[in-house]
Amino acid sequence: MISGFQYSLFVSFCLAVCQESQASQNCMNKQQLLAAIRQMQQLLKGQETRFAEGIRTMKHRLTTLQNTVTKATPDLPTVFCPAQEAPPNGKRFGSKNMVDHEVHFTCDPGFQLVGSSSRVCQLNGSWTGEFPQCKGISECTSHLCQNGGTCVDGVDQYKCICPQEWTGTNCQYQTQTVPPAWSVTNDPAFSRKPRCAKFDRMQHCSCEPGFHMSGTAENSICQDVNECEVYKLEGAPRLCMHTCINIPGSYQCSCPSGYSVFSDGKSCEDIDECGLSLHNCTRGTMCINTGGGFQCVSPECPKPSGNVSYVKTSPL
């Protein structure tokens with residue numbers, strides 16, 4: 001590489017030749033210019049040779065230094081940490097136990113991790129953190145739901161989801177969803193006095209919609225029509241998709257647990273407990289709506305395959 005100083009020498013040389021030239025129009029003739037170029041080529045060739053020698057010297061010094069360091073610090077033996085097993089009722093992710101490698105631990109649903117969820121193998125052959133344990137957090141093991149109820153764990157509490165015909169903390173009490181048949185005739189709530197008016201000196205009595213007249217003309221009474229029983233007859237249209245409940249003067253349709261009555265008053269539609277925040281799923285679980293209910297699911301990562309393992313980075 002030509003330096004600035006060398007370039008200045010070349011320019012000065014050309015000017016000197018130019019001043020000595022006898023040509024009035026040209027600064028230097030062809031022979032003078034070629035001579036100057038040959039001198040500069042020799043100068044550059046000398047610079048190139050010295051630069052190549054410097055590179056060779058630097059490579060030699062680096063090789064010598066590398067050999068000296070290698071002999072002074074021989075390779076250290078590979079350090080291994082004790083093998084880490086998955087805790088009971090839990091899982092381990094990561095199988096290598098060499099320095100700087102990590103292992104991760106999770107617990108099965110219904111168990112809580114106590115200790116370190118991640119541990120790193122150190123240079124001294126020990127793991128960071130504490131050995132993990134999975135302790136049960138299920139309240140349902142000591143509180144059983146009766147009569148087909150489903151137990152759902154909460155934070156230090158539990159809840160029984162009961163079938164439609166049962167109620168109570170543990171579904172121990174039976175509920176009455178459909179009034180007994182005799183209530184239509186013997187229950188005062190299902191009886192009405194008729195509405196009577198005189199026309200042309202004669203008395204005319206009638207009942208409200210949903211009631212029928214019974215008794216004598218002098219002692220008549222309006223009794224409720226049990227629409228649910230009437231429409232059970234063969235060929236009659238179905239009043240309700242699920243359950244028909246007779247009420248004074250009319251009827252109501254009810255749906256099983258987890259469903260609500262549709263806008264037509266007869267059909268049933270599923271209640272989205274997850275979308276309406278009616279679930280009791282604990283933190284870290286995902287609510288999934290099902291027909292007539294919901295499920296609390298704890299998403300899990302895929303199982304390790306070959307040299308590939310997965311680590312849960314978020315609850316969902």
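Numbers given for residues are sequential positions, taken from 1 along each chain in its written order. Two thresholds apply to this predicted model, a pLDDT of at least 70 for residue-level local features and 80 or more for giving and counting side-chain atom pairs, whereas whole-chain, interface and lining totals are computed over all residues. Only hydrogens and water are set aside; all other atoms, that is, all heavy atoms of the structure, feed into the side-chain values.

Q: I'd love a proper account of the overall build of the protein, names of residues and values included.
A: Along its length, the protein carries 4 helices and 20 strands. Only heavy atoms enter the contact rule, under which two residues are in contact if any of them lie within 4.5 Å. In the protein, the proportion of contacts linking residues at least 24 apart, taken out of those at least 6 apart, comes to 30%. Here the Shrake-Rupley method, with its probe set to 1.4 Å, supplies the accessible areas, and only the displayed protein chains count as covering residues. When the accessible surface of the protein is totalled, it reaches about 22,700 Å², and 54% of it is carbon and sulfur. Strands here mean DSSP runs of E at least two residues long; helices mean DSSP runs of H or I at least four residues long; both are numbered from the N terminus.

Q: Go over the pattern of salt bridges with me, naming the residues and quoting the values.
A: For side chains bearing opposite charge, pairing can occur when the charged atoms are close. What makes a salt bridge here is a side-chain nitrogen of Lys or Arg within 4 Å of a carboxyl oxygen of Asp or Glu, nothing more. By the definition in use, this model includes 1 salt bridge. When the shortest N-O distance is used, the salt bridge between Lys91 and Asp108 registers 2.9 Å. Taken together, the residues Lys91 in strand β1 (residues 90-93) and Asp108 in the loop between β2 (102-107) and β3 (111-114) connect sequence positions 17 residues apart.

Q: Please provide a residue-by-residue account of the confidence of the model for the protein, values included.
A: Confidence scores per residue from the predictor, reported as pLDDT, run from 0 to 100. Within the protein, residue pLDDT values average 78, and 76% of them lie at 70 or more. Low confidence marks residues 21-25, where pLDDT is under 50. Its contacts with residues over four positions away, or in another chain, come to 4 contacts. In the predicted structure, residues 176-183 sits below a pLDDT of 50 and forms 9 contacts with residues beyond four places in sequence or in another chain.

Q: Kindly report on the state of the cysteines, identifying the contributing residues and their values.
A: By convention in this document, the label disulfide applies to cysteine sulfur atom pairs within 2.5 Å. The final tally for this structure, using the stated rule, is 9 disulfides. A disulfide bridge connects Cys207 with Cys222, and the sulfur atoms are separated by 2.0 Å. Handedness of the Cys207-Cys222 disulfide follows from its S-S torsion of about -90°: it is left-handed. Here Cys222 lies in strand β14 (residues 220-224) and Cys207 lies in the loop between β12 (202-206) and β13 (211-215), a separation of 15 residues in the sequence. Across a sulfur-sulfur distance of 1.9 Å, Cys240 and Cys253 are joined as a disulfide pair. Looking down the S-S bond of the Cys240 and Cys253 bridge, the torsion is -75°, so its handedness is left-handed. Of this pair, Cys240 sits in the loop between α4 (227-230) and β15 (243-247) while Cys253 sits in strand β16 (residues 250-254), placing them 13 residues apart in sequence. Neither residue differs from the other here; Cys240 and Cys253 are each classed as buried. When accessible area is computed with a 1.4 Å probe and restricted to protein chains, residues below 20% of their type maximum are described as buried, those above 50% as exposed, and intermediate ones as partly exposed.

Q: Explain the pairing of β15 residue by residue, including any values.
A: With 4 of 5 residues buried, β15 lies mostly within the body of the structure. Strands pair, by our definition, only if DSSP identifies at least two bridges between them. For β15 and β16, the ladder comprises 5 bridges, and the chain directions are antiparallel. Bridge pairing in β16 links Ile245 to Gln252.

Q: An account of the sheet that holds β1 is requested, with residue identities and associated values reported.
A: Strands sit in the order β1-β2-β4 across an open sheet of 3 strands; the sheet is antiparallel. Both edges of this open sheet fall to β1 and β4 (118-120), since each of them pairs with a single strand only. Strand-to-strand twist of the sheet, defined as the mean angle between neighbouring strand axes without regard to direction, takes the value 20°. The sheet contact formed by β1 and β2 spans 4 bridges and is antiparallel. Across the sheet, residue Gly90 finds its bridge partner in β2, namely Cys107. All axes are obtained by fitting lines to C-alpha atoms, using only the stretch in contact for helices, and the reported angles, taken between N-to-C directions, cover 0 to 180 degrees.

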